[in-house]
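Summary of the model geometry
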Amino acid sequence: KFEFNPKDGIDNPALSLTEDTDGEGVGEPRFYLLSKSSTETFGFCLHEELGCQGHIIRQVELGGLAQRRGLQDGDQLLQVNGHFVDHLDHHRVVQKIKASGNQVLLAVLDSGSYAAAKALGRDLAHMLPADIRPRLCHIVRDKSGFGFSVSGPEGTKGAFQLSVQQDGPAERAGVPPGSWLLELNGASVRSYSHTQLARKVRDPGAGGWGTGTGNVAEHPASPFQLKQSGSKVTLLVASSAVEEFYRLRGLRVTAALADTSWLPFKVRELHMVKGPAGYGFLLKEDDCRSGGTGQFLWDVDAGLPAEQAGMREGDRLLAVNGESIEGLDHQQTVLRIRARDDQVTLLVIDPASDEFYQSVGFGKPAWSHP
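As named in an unreviewed UniProt entry, the protein is NHRF4 protein, taken from Nyctibius bracteatus.

Laid out in structure tokens, this is it:
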């Protein structure tokens, strides 16, 4: 079902372990990682059809990204970026895909297997791994260091396993013990040997985190500080189970797929009911640090609904009433805000959080609710 395309390479085939695991006509879910440029589409449509359950893959574009990866017309969508979606309304599922930006991980089941599983009363969520997302973790160093050390076989590139100090900064930031390091401050470590990683960040001194070959406990290494990290560092990590999931399927793990719930940087939802003097803010279009333009919130009036809802000057607007404003100009965004006469719900992000997501190559924060 997967055809080699020299343009795409062979690092992202879908892997189906079996077509029929129990003799009942129920196959295994298939996983596809779709990565596109900002000018491309994923190459398929998602339909909700009368008399049919679930969310159905349709209009798979001939020669498009979805077809090249292996998606087929009639496939039933079960999961978006690790979130089970079969039970959600169609609009929310579409928004989850749109909120993914230029990369999305989909889990699908062929139509025959989907119908058979439903007829048998199967819980489709239980057919999927419980957690397939890596984690983005932001660690603030304390007087003892960052609270983790790194080990890896000398001569093997990109294989760095973390040993985490109990109740240390790394553990408090959500780093699972024994997890694998994938990115350091937004840069992939995939091409680094153990020596290159140590050379890149080595800075002898008090505190910090260590590195060694083999078992860290048996071969403790000299601690070193993270250059250019100061007192903070951001890691993309994957537990052994998550790392194995992606490796077996030939999929590359990136920050765009990460669980960001452990980060201190959050988007905020502001619900406002219009008062006699309005909402009490101005919307202005301006340049984003990452390039392009964005819609920013300014001139927040004291005591009016915007301030009472938690709006801060300089917040960037991400969504209006659950709808992303990506691709909309200023006037279109204003019309979205005015669509409901007396109330509106805005999703916003403050400048510091916005800058953080850009710095780790996240493109934009994941804002679609589970």
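Next comes the rest of the account.
**Side note on the overall build of the protein**
Looking only at helices and strands, the protein has 9 helices and 20 strands in total. Counting across all 370 residues of the protein, residues that qualify as buried make up 46%. Within the protein, contacts between residues at least 6 apart in sequence are counted, and of these 65% link residues at least 24 apart.

**Concerning helix α6 (residues 240-248)**
Of the residues making up α6, those classed as buried are V242, F245 and Y246. Buried residues along α6 cover an arc of 90° about the axis, so they all sit on one side. On the buried face of α6, the contacting elements are β1 (30-35), β6 (103-109) and β14 (232-238). Following α6 by one or two positions, G250 adopts a phi angle in the positive range, close to 70°.

**Side note on the nonpolar core**
Side chains of nonpolar character tend, in soluble globular proteins, to be buried together. Counting 35 residues, the largest nonpolar core has F31, L105, L124, L136 and Y246 as its most contacted members. Put simply, the parts of the chain that give this core at least two residues each are β1, β6, α3 (111-119), β14, α6, β18 (316-320), β20 (343-349) and α9 (351-359).

**Overview of the environment of Q308**
Relative to the elements of secondary structure, Q308 occurs in helix α7 (residues 305-309). Separated by 28 residues in sequence, Q308 and G280 place their C-alpha atoms 9.8 Å apart. Of the polar contacts made by the side chain of Q308, one reaches the backbone oxygen of G303; its length is 2.9 Å.

**Description of α3**
Among the residues making up α3, those that are buried are S113, Y114, A116 and A117. Around the axis of α3, the buried residues are gathered within 165° of arc, so they sit on the same side. Tucked inside the fold, the buried residues of α3 contact β4 (76-80) and β6. For α3, the N-terminal cap is D110; the gap from its side-chain oxygen to the backbone nitrogen of G112 is 3.2 Å. In the segment just after α3, G121 is the residue with positive phi, at about 75°.

**Some words on the pairing of β1**
Strand residues, when the strand is regular, have side chains that alternate between the two faces of the sheet. With 5 of 6 residues buried, β1 lies mostly within the body of the structure. Pairing of β1 with β6 involves 6 bridges; the strand directions are antiparallel. Bridging across to β6, Y32 finds its partner in L106.

**A closer look at the pattern of salt bridges**
As enumerated under the stated definition, the model contains 10 salt bridges in all. R133 is the salt-bridge partner of D259, the closest N and O atoms lying 4.0 Å from each other. One end of the pair, D259, is in the loop between α6 and β15 (268-273); the other, R133, is in the loop between α3 and β7 (135-140), with 126 residues separating them in the sequence. The class of D259 is buried, set by a relative accessible area of 12%. Of the charged contacts, one joins K284 and D299 as a salt bridge, the two residues approaching to 4.0 Å between their closest N and O atoms. Of the two residues, K284 is situated in strand β16 (residues 282-287) and D299 in the loop between β17 (293-298) and α7; the sequence distance between them amounts to 15 residues. Judged by relative accessible area, which is 40%, K284 ranks as partly exposed.

**A short note on the side chain of N81**
Relative to the helices and strands, N81 resides in the loop between β4 and β5 (83-84). Accessibility expressed as a relative area gives 12% for N81, which makes it buried. There is a polar contact of 2.7 Å between the side chain of N81 and the side chain of S100. Residue contacts for N81: discarding those within four places in its chain leaves S100, V104, L105, R133 and L257.

**A few points about the environment of L236**
Within the secondary structure, L236 is located in strand β14. You can call L236 buried: its relative accessible area is 1%. Residues L236 and V253 lie 17 residues apart in sequence; the distance between their C-alpha atoms is 9.3 Å.

**Describing the pairing of β6**
Taken across its 7 residues, β6 has 7 buried, putting it largely inside the fold. Neither face of β6 is left uncovered, since the one carrying Q103, L105, A107 and L109 and the one carrying V104, L106 and V108 both have all their residues buried. Relative to β6, β4 is paired through 4 bridges, and the arrangement is antiparallel. Each residue of the ladder has a partner; that of Q79, found in β6, is A107.

**Side note on the packing of aromatic side chains**
Tallied over the entire structure, the rule returns 6 aromatic pairs. Here F31 and F245 contribute two aromatic rings whose centre-to-centre distance is 4.8 Å and whose plane-to-plane angle is 90°, an arrangement assigned as edge-to-face. Of this pair, F31 sits in strand β1 while F245 sits in helix α6; the two residues are 214 residues apart in sequence, bridging distant segments of the chain. Residue classification places F31 among the buried residues on the basis of a relative accessible area of 3%.

So, how was this worked out
All residue numbers refer to position in the chain's written sequence, counted from 1. Note on the predicted model: pLDDT of at least 70 is required for a residue's local features to be given, and 80 or more for side-chain atom pairs to be given and counted; whole-chain, interface and lining totals, by contrast, use all residues. Processing note: side-chain calculations cover all non-hydrogen atoms of the structure and skip hydrogens and water entirely. Strands are runs of DSSP state E lasting at least two residues, helices are runs of H or I lasting at least four, and both sets are numbered from the N terminus onward. Each residue is assigned to one of three classes by its accessible area relative to the maximum for its type, calculated with a 1.4 Å probe on protein chains only: buried under 20%, partly exposed between the two thresholds, exposed over 50%. We call two residues in contact whenever any of their non-hydrogen atoms come within 4.5 Å of each other. By arc we mean the arc of the directions from the helix axis to the C-beta atoms, nothing more. Nonpolar cores are built from buried Ala, Val, Leu, Ile, Met, Phe, Trp, Tyr and Cys residues. Side-chain atoms within 4.5 Å join them into one set. Polar contacts, as used here, are pairs of N or O atoms within 3.5 Å; protein pairs need one atom able to donate a hydrogen and one able to accept it. Residues neighboring in sequence count only if both atoms are side-chain atoms. One requirement defines pairing of two strands: DSSP has to find at least two bridges between them. Any carboxyl oxygen of Asp or Glu that lies within 4 Å of a side-chain nitrogen of Lys or Arg is treated as forming a salt bridge with it. Aromatic pairing here means that ring centres of Phe, Tyr or Trp (its six-membered ring) are within 6.5 Å. Orientation follows from the plane angle: under 30 degrees is stacked, over 60 is edge-to-face, and everything else is tilted.

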